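Given next are the chains, with one letter for each unit.
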Amino acid sequence: MNRNLQGIEISGIRKIFNKLQEVPDAISLTLGQPDFKVPDRIKRAMVDAINNDNTIYTANAGIYELRKEICSYLEGYNINYEPEEVCITVGGSEGLYSVLSALINPGDRLIIPDPAYPAYKSIGTILGAEIDEYKLQEDFSLNFEDLKLKIKKGSNNILVLSFPSNPTGAILSLEDRKKLQELIKENEILVITDEIYSALCYSEYYSVAECQDIKEKIIYVSGFSKMFSMTGLRVGYVCAPKEILREIMKVHQYNVSCATSISQYAALEGLRSSMGDVNYMKETFRERRDFVYYKLLKLGFQCNLPQGAFYIFPSIKGFNIKSEDFCDDLLYKGKVACVPGTAFGARGEGFIRISYSYSKEELQEALFRIEKWIDKK
Ligand code: PMP
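So, a few notes on the structure that sits alongside this text. What you see is a predicted model, and the numbers here were worked out from it, not measured in a lab.

### Examining the sheet that holds strand S4 (residues 130-134)
And then number 1: Spatial strand order, S2-S8-S7-S6-S5-S3-S4: seven strands in an open sheet with mixed pairing. Of all the strands in the sheet, just strand S2 (86-89) and S4 have a single pairing partner and so form its edges. Each strand of the sheet is rotated relative to its neighbour by a mean of 20°, with strand direction disregarded.
And then number 2: With three bridges joining them, strand S3 (residues 109-113) and strand S5 (residues 157-162) adopt parallel strand pairing. Pairing of leucine 110 across the sheet is with isoleucine 158, part of S5.

Shown next as structure tokens:
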């Protein structure tokens, strides 16, 4: 067995999911899966892809029309790539794995946020990277003092940025993007920016990938799981300068050959015709976010108003109980499942993650149950 696997535990999200099976009448707010159906035009495009026999291998990098459409879409956000700088992947997950595999030599420094989406640490550990986790500010924005300390001269530094953030809902501000631009310019560093939730930003969206002067150091990872509510169709993409993409493609090719052809046609149709659906989903998420945020404040939780994605990360420090115990008690006694903050890193202690990608009715009932559970404490 690969010895590096010994450093990897089953994910905290999976743990709570397993416990959830013991409490069948509980309401789960644990998943990062929007409750919307895939837009109809996307469904039809998949059926057409089958009927047109578009069921064979595509180019390793994915169908050209999709790569081109992604470039036009990103241009709308001031992010400039050519189709030759794009590789379609099996979800953002394979994108991240292929990028990290291409970049990391054992002992290289992988600098990741804490708390963060758990895959960064796990993949880095499997690949033998030295993981260093940077602190975030109280509002979950970047802490540049700490970040600067993490970038070590004479080492290969690979920095992961993750905005809009799972689990915190934080996004990158213009001010921080400018500071990052300087930091990246001044240091020998490669940056992976995971922007899988970029279509779900409730205020202005900024990305380091907009900065042309540092483009050769940036690798952009994104995908359609969240944007088109099609998590099971598994389409994502990576954009990078050609020399870097060529190396990433070696991993991608020998791992998956190409992303599923039918799903690629689905994503293509989505970009061409379903942005109205995306907007509708975003506005619905915004309403749910406001509902959950104000209700949590009323119940005495401290929390930041999330500016992106569909998660809220309230502090439970006032309850004087560890995150995992809090979530266990809430599940077994209050019949609501949330994810302990520690599932996202040690600095997630004192927080819980609530996903508001559930219907308003479920959210209402869950918050009502949380209120009752708190009253009994
Ligand atoms: N990045 C982040 C921050 C995520 O939360 C997720 C999924 N929850 C992914 C990447 C991967 O998503 P997918 O493979 O479905 O594109």
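### Looking at the nonpolar core
And then number 1: With 101 residues, the main nonpolar core has Tyr81, Leu142, Leu180, Phe224 and Tyr237 as its most contacted residues.
And then number 2: Both of domain 1 (3-37 + 276-371) and domain 2 (55-272) provide at least three residues apiece to this core.
And then number 3: Discounting chain neighbours no more than four positions away, the residues touching leucine 142 are Tyr134, Leu136, Gln137, Leu147, Leu161, Phe163, Leu172, Asp176 and Leu180.
And then number 4: In terms of nonpolar packing, the next biggest core, distinct from the first, is built from 26 residues, Leu100, Leu127, Ile158 and Ile244 among them.

### Quick look at the packing of helix H4 (residues 91-103) against helix H8 (residues 242-256)
And then number 1: H8 packs onto H4 with a crossing angle of 120° between their chain directions and a minimal axis gap of 8 Å. Taken together, the axis directions place H4 and H8 in an arrangement best described as oblique. Between H4 and H8 lies a crossing whose hand is right-handed. Of the residues in H8, those touching H4 at Glu94, Ser98, Val99, Ser101, Ala102 and Leu103 are Ile244, Glu247, Ile248, Val251, His252, Asn255 and Val256.
And then number 2: For the contact of H4 with H8, the residue count by class is seven nonpolar, four polar and two charged.

### Comments concerning the sheet that holds strand S11 (residues 339-340)
And then number 1: The sheet built from three strands is open, its strands ordered S9-S12-S11 with antiparallel pairing. Of all the strands in the sheet, the pair left with one neighbour each is strand S9 (311-312) and S11.

### Considering the packing of aromatic side chains
And then number 1: Counting across every chain of the model gives 22 aromatic pairs.
And then number 2: Ring centres 5.3 Å apart and planes at 75° place the aromatic pair tyrosine 73 and tyrosine 77 in the edge-to-face group.
And then number 3: Here phenylalanine 301 and phenylalanine 319 contribute two aromatic rings whose centre-to-centre distance is 5.2 Å and whose plane-to-plane angle is 40°, an arrangement assigned as tilted. Remark: phenylalanine 319 occurs in the loop between S9 and helix H11 (323-332) and phenylalanine 301 occurs in the loop between helix H10 (275-298) and S9; sequence separation between them is 18 residues.
And then number 4: Put simply, the rings of Phe36, Tyr197, Tyr280, Phe285, Phe310 and Tyr311 touch in pairs and so form one group of aromatic residues.
And then number 5: If you follow lysine 360 out to its NZ or CZ, it ends over the ring of phenylalanine 291, 5.0 Å from the centre.

### Observations regarding the layout of surface pockets
And then number 1: In this structure, the second largest pocket occupies an estimated 320 Å³ of space.
And then number 2: Across the lining of the second largest pocket, the residue classes tally to six nonpolar, four polar and six charged.
And then number 3: Summarising the domain contributions, the lining of the second largest pocket has at least three residues from each of domain 1 (3-37 + 276-371) and domain 2 (55-272).

### Some remarks on the pairing of strand S8 (residues 236-239)
And then number 1: In S8, alternate side chains face the same way, and those of Gly236 and Val238 on one face and Tyr237 and Cys239 on the other are all buried.
And then number 2: Summarising the sheet, S2 and S8 pair through four bridges and their orientation is antiparallel. From the neighbouring strand, cysteine 87 faces S8, where its bridge partner is valine 238.
And then number 3: Taken together, the four bridges between strand S7 (residues 218-223) and S8 define a ladder with antiparallel strand orientation. Across the sheet, valine 221 pairs through a bridge with valine 238, a residue of S8.

Definitions and cut-offs
Residues numbered from 1 in each chain as written. Predicted model: local features only at pLDDT ≥ 70, side-chain atom pairs only at ≥ 80, totals over all residues. Heavy atoms only, no water. Pairing = 2+ DSSP bridges. Helix = DSSP H or I, 4+ residues; strand = E, 2+ residues; numbered from the N terminus. Axes fitted to C-alpha atoms, helices over the stretch in contact; angles between N-to-C directions. Core = buried A, V, L, I, M, F, W, Y, C linked by side-chain atoms within 4.5 Å. Buried < 20%, exposed > 50% of the residue type's maximum accessible area, 1.4 Å probe, protein only. Domains from an automatic or database assignment. Contact = heavy atoms within 4.5 Å. Parallel < 35°, antiparallel > 145°, perpendicular 65-115°, else oblique. Left-handed = near helix turned anticlockwise from the far one by under 90°. Nonpolar A, V, L, I, M, F, W, Y, C, P; charged D, E, K, R; others polar. Phe/Tyr/Trp six-rings, centres within 6.5 Å; stacked < 30°, edge-to-face > 60°. Lys NZ or Arg CZ within 6 Å of the ring centre and 35° of its normal. 1 Å grid on protein atoms, 1.4 Å probe; cavity = no way out; pocket = protein on both sides within 12 Å on 5 of 7 lines; lining within 4 Å. Points joined across faces, edges and corners; volume = space filled by probe spheres on them.

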